[in-house]
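Structure assessment
For reference, the chains in residue letters:
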Amino acid sequence: LPICLMKSFSRRLRYLHVSKEAVAIVKNWLGNGGLLENVHKLSDLGQAMFKNVAPVAPEDVLSALERTCGQQPTAGEPYLDLLRSLAYEPAHFNRCVTLMAIVLAAGKHNEQSHGWQVFTSLFQLRLSGTHATIEQRLGVLESLLCSSDPKGRALGVAGLNAALEAWHFNPVGNYDFGARPRDFGYWPRSTQDAQHWFGAALKLVEARALGDGLDASDARAALAEN
């Protein structure tokens, strides 16, 4: 098929996750010998198609990204926004943010880069784009804060700062994902919800700030800044 038709076809498939035929086509593309099997070798057209069909078979797309980033972490850079979309589901959250951390640590990213902001947005109280629990999010941050890799710890600190933020919540990217119902992610419905969030975050801060780990001073700084 001509390139323009392939891209257009994949864009239409994006909205057909309830169709068994559409799912079968996407799974075939992502499978052994498929059109989109080798994620790290995809052209600009292939990358666009890969992103287009992600809502049809999220689990297969995530597995494909895990295979790719396990061998070549920087190959995941074009898909950081996609990983954020996949992290909407609590069942996918840990895998997605782990992959994002691997990609960001391997590349030339810093706190001002888009990829870094995409990552930290997942740890905000509001407009995070995920329904992962605060416990899930803090579990990821704790593993990063304990990392021996300076960049991993820096990501953990940035995420901790985002979790402690109480006033300014910036949307990063969009919240659409094909025809799958989506909202802005977890949103506290009561004072008790907010208290639970910050209570859990402060427990992690206390544990890290009073410890003797490399992140102790960073944890204290995060508390002071917020």
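Keep in mind it's a predicted model, so treat the numbers as computed, not measured. (Residues numbered from 1 in each chain as written. Predicted model: local features only at pLDDT ≥ 70, side-chain atom pairs only at ≥ 80, totals over all residues. Heavy atoms only, no water.)

1. Digging into the nonpolar core
Core analysis: the largest hydrophobic core is formed by 67 residues, its most contacted members being F50, L65, L82, L86, F119 and F123. In this structure, L86 is in contact with P58, V61, L62, L65, H92, C96 and F177, ignoring residues within four places of it in sequence. (Core = buried A, V, L, I, M, F, W, Y, C linked by side-chain atoms within 4.5 Å. Buried < 20%, exposed > 50% of the residue type's maximum accessible area, 1.4 Å probe, protein only. Contact = heavy atoms within 4.5 Å.)

2. Observations concerning the pattern of salt bridges
Between side chains of opposite charge, a pair can form when the charged atoms approach closely. Applying the stated criterion across every chain, the model contains 4 salt bridges. A salt bridge links R95 to E59; its shortest N-O distance comes to 2.7 Å. Highlighted residues: R95 in helix α6 (residues 90–106) and E59 in helix α4 (residues 58–71), separated in sequence by 36 residues. Accessibility expressed as a relative area gives 38% for E59, which makes it partly exposed. Close ionic contact of E66 with R95 constitutes a salt bridge, the shortest N to O distance being 2.8 Å. Of this pair, E66 sits in helix α4 while R95 sits in helix α6; the two residues are 29 residues apart in sequence, bridging distant segments of the chain. Taking relative accessible area as the criterion, E66 reaches 29% and is therefore assigned partly exposed. Ionic contacts of the salt-bridge type, sharing partners, join the residues E59, E66 and R95 into one network. (Salt bridge = Lys/Arg side-chain N within 4 Å of Asp/Glu carboxyl O. Helix = DSSP H or I, 4+ residues; strand = E, 2+ residues; numbered from the N terminus.)

3. Structural notes on the packing of aromatic side chains
For the coordinates displayed, the defined rule picks out 6 aromatic pairs. Ring geometry for F9 versus W29: centroids 6.0 Å apart, planes at 75°, classification edge-to-face. Within this pair, whereas F9 is found in helix α1 (residues 3–13), its partner W29 is found in helix α2 (residues 20–30), the two being separated by 20 residues in sequence. Exposure remark for F9: the relative accessible area of 32% places this residue in the partly exposed category. With centroids separated by 4.9 Å and ring planes inclined at 90°, the aromatic side chains of Y175 and F184 adopt a geometry described as edge-to-face. Grouped by ring-pair contacts, the aromatic residues F93, F119 and F123 constitute a single cluster. (Phe/Tyr/Trp six-rings, centres within 6.5 Å; stacked < 30°, edge-to-face > 60°.)

4. What to know about the side chain of T68
Along the chain, the position of T68 falls in helix α4. The class of T68 is buried, set by a relative accessible area of 7%. Ignoring sequence-local partners within four residues, the contact set of T68 consists of V39, H40, P73 and A75.

5. Considering the environment of M100
Topologically, M100 is positioned in helix α6. Classification of M100 by relative accessible area gives buried; the value is 0%. For the pair M100 and P73, spaced 27 residues apart in the sequence, the C-alpha separation amounts to 9.2 Å. If near-sequence neighbours (up to four positions away) are discounted, M100 is found in contact with L80, L83, R84, V118, F119 and L122.

6. Structural notes on α2
Buried residues of α2: A22, V23, V26, W29 and L30, and no others. Seen from one end, α2 has its buried residues packed into an arc of 125°, which puts them on one side. Among the exposed residues of α2, those oriented more than 90 degrees off its buried face are K20, E21 and N28. (Arc of directions from axis to C-beta.)

7. Describing helix α10 (residues 191–209)
Here α10 contains 19 residues, and its C-alpha end-to-end distance of 26 Å stays within 8% of the 27 Å for a straight helix at 1.5 Å per residue. Those residues of α10 lying buried are W197, F198, A200, A201, L204, V205, R208 and A209. Down the axis of α10, the smallest arc covering the buried residues is 165°, so these residues share one side. More than 90 degrees from the buried face of α10, the exposed residues found are T191, Q192, Q195 and K203. Close packing links the buried residues of α10 with α8 (134–145), α9 (150–164) and α11 (216–225). (Expected span 1.5 Å × (residues − 1).)

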